[in-house]
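Examining the three-dimensional arrangement
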Amino acid sequence: MDFALVISAIGLGFASGFHCIGMCGPIALSMGLTKQQQTNFYLQNLTYQFGRILTYTVLGAILGIIGEGFEMAGFQQVLTISVGIMLIIMALFSFGGKDFASRIPFINKALLKVKINLGRLLQKADYKSRFTTGLLNGLLPCGMVYMALTASLAAGGVWQGAAFMGIFGLGTFPFMFAVVLVGNLMNQALRIKVLKVIPIVMIILGGLFILRGMEIGIPYLSPASEAMGISKDAASCHTPGHSSEEHSH
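The shown structure was predicted, so the numbers you read here are calculated from the model rather than taken from an experiment. (Residues numbered from 1 in each chain as written. Predicted model: local features only at pLDDT ≥ 70, side-chain atom pairs only at ≥ 80, totals over all residues. Heavy atoms only, no water.)

So, about the overall build of the protein chain. A count of helical and extended segments in the protein chain gives 11 helices and zero strands. The N-to-C order of helical and strand elements in the protein chain reads α-α-α-α-α-α-α-α-α-α-α. Within the protein chain, contacts between residues at least 6 apart in sequence are counted, and of these 80% link residues at least 24 apart. As presented, the protein chain carries roughly 12900 Å² of accessible surface, and 70% of it is formed by carbon and sulfur atoms. (Helix = DSSP H or I, 4+ residues; strand = E, 2+ residues; numbered from the N terminus. Contact = heavy atoms within 4.5 Å. Areas by Shrake-Rupley, 256 points an atom, 1.4 Å probe, with all protein chains shown as cover.)

Moving on, we come to the environment of isoleucine 210. Positionally, isoleucine 210 belongs in helix H9 (residues 188-214). Through-space distance from the C-alpha of isoleucine 210 to that of serine 82 is 7.5 Å; in sequence the pair is 128 residues apart. Excluding its chain neighbours within four sequence positions, the residues that come into contact with isoleucine 210 are Ile81, Gly84, Ile85 and Ile88.

All right, on to the environment of isoleucine 81 then. Turning to its location among the elements, isoleucine 81 is positioned in helix H4 (residues 76-92). Separated by 129 residues in sequence, isoleucine 81 and isoleucine 210 place their C-alpha atoms 4.4 Å apart. Ignoring any residue separated from it by four or fewer positions in sequence, one finds isoleucine 81 in contact with Ile210, Gly213 and Met214.

For helix H6 (residues 127-137), the set of buried residues is Ser129, Arg130, Thr133, Gly134 and Asn137. Projected down its long axis, H6 carries its buried residues within an arc of 140°, all on one side. Between a side-chain oxygen at the N-terminus of H6 and the backbone nitrogen of lysine 128 the separation is 3.3 Å; the capping residue is aspartate 126. (Buried < 20%, exposed > 50% of the residue type's maximum accessible area, 1.4 Å probe, protein only. Arc of directions from axis to C-beta. Polar contact = N/O pair within 3.5 Å; in protein donor to acceptor, adjacent residues only side chain to side chain.)

Moving on, we get to a nonpolar patch on the surface. A cluster of nonpolar residues, Phe3, Ile7, Met214, Ile216, Ile218, Tyr220 and Leu221, forms a patch on the protein surface that exposes about 650 Å² of accessible area. For isoleucine 216, the location among the structural elements is in the loop between H9 and helix H10 (226-237). Judged by its relative accessible area of 48%, isoleucine 216 is partly exposed. (Patch = residues over 30% accessible without salt bridge, like charges linked within 9 Å, V, L, I, M, F, W, Y side chains within 5 Å. Salt bridge = Lys/Arg side-chain N within 4 Å of Asp/Glu carboxyl O.)

All we've got here are geometric facts, nothing functional implied.
See the structure below:
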């Protein structure tokens, strides 16, 4: 996975971390973790976070399969640029401090069902329940996660997609772990201000994907496609009428 994708995954993760404080933070706070037994508190929190990141990683691998199909068909450049455009469009629908996913009715219904199941698990205090809560939390309809999954399409393969979403999950980790650790980190007014900035960050990252897909020769950000040059050379070597014997003369 190249530098631009790593930066995008971390950027999406950090931006999503701020977003998660408002959207998923209440779920984490409802787990009833107490600091009476410090070791148990940290381990249960880590178990919950691991389940959440694992779900993101598996989803990234699934999307990576689709992305690999595009790459094998020779559409990787088109896919990368398209992903950048989609990120920008989703970001535009997120202005106003509202998650764009919440504007879609059937997603809200799905969110309700997941919350009901989470509510049952939150009543339990064992590690299995904490892990399952994290797994389900990773499935919650969330515009930021959808943006990251869209970006993972352009990662280039199964393992790359999984790595992209794994890095994205790690980017959200500090904020979500801290929410459980010290409670709600931001008041409502500050959270609204942060949510207004996030779409701008998403537009910048969308532009980064478009730049990467253009392959204009900028090191790390938009490297030229060497594979394309190799394929052209290979094609010329196999062009009818240009055999190795003719080249020897």
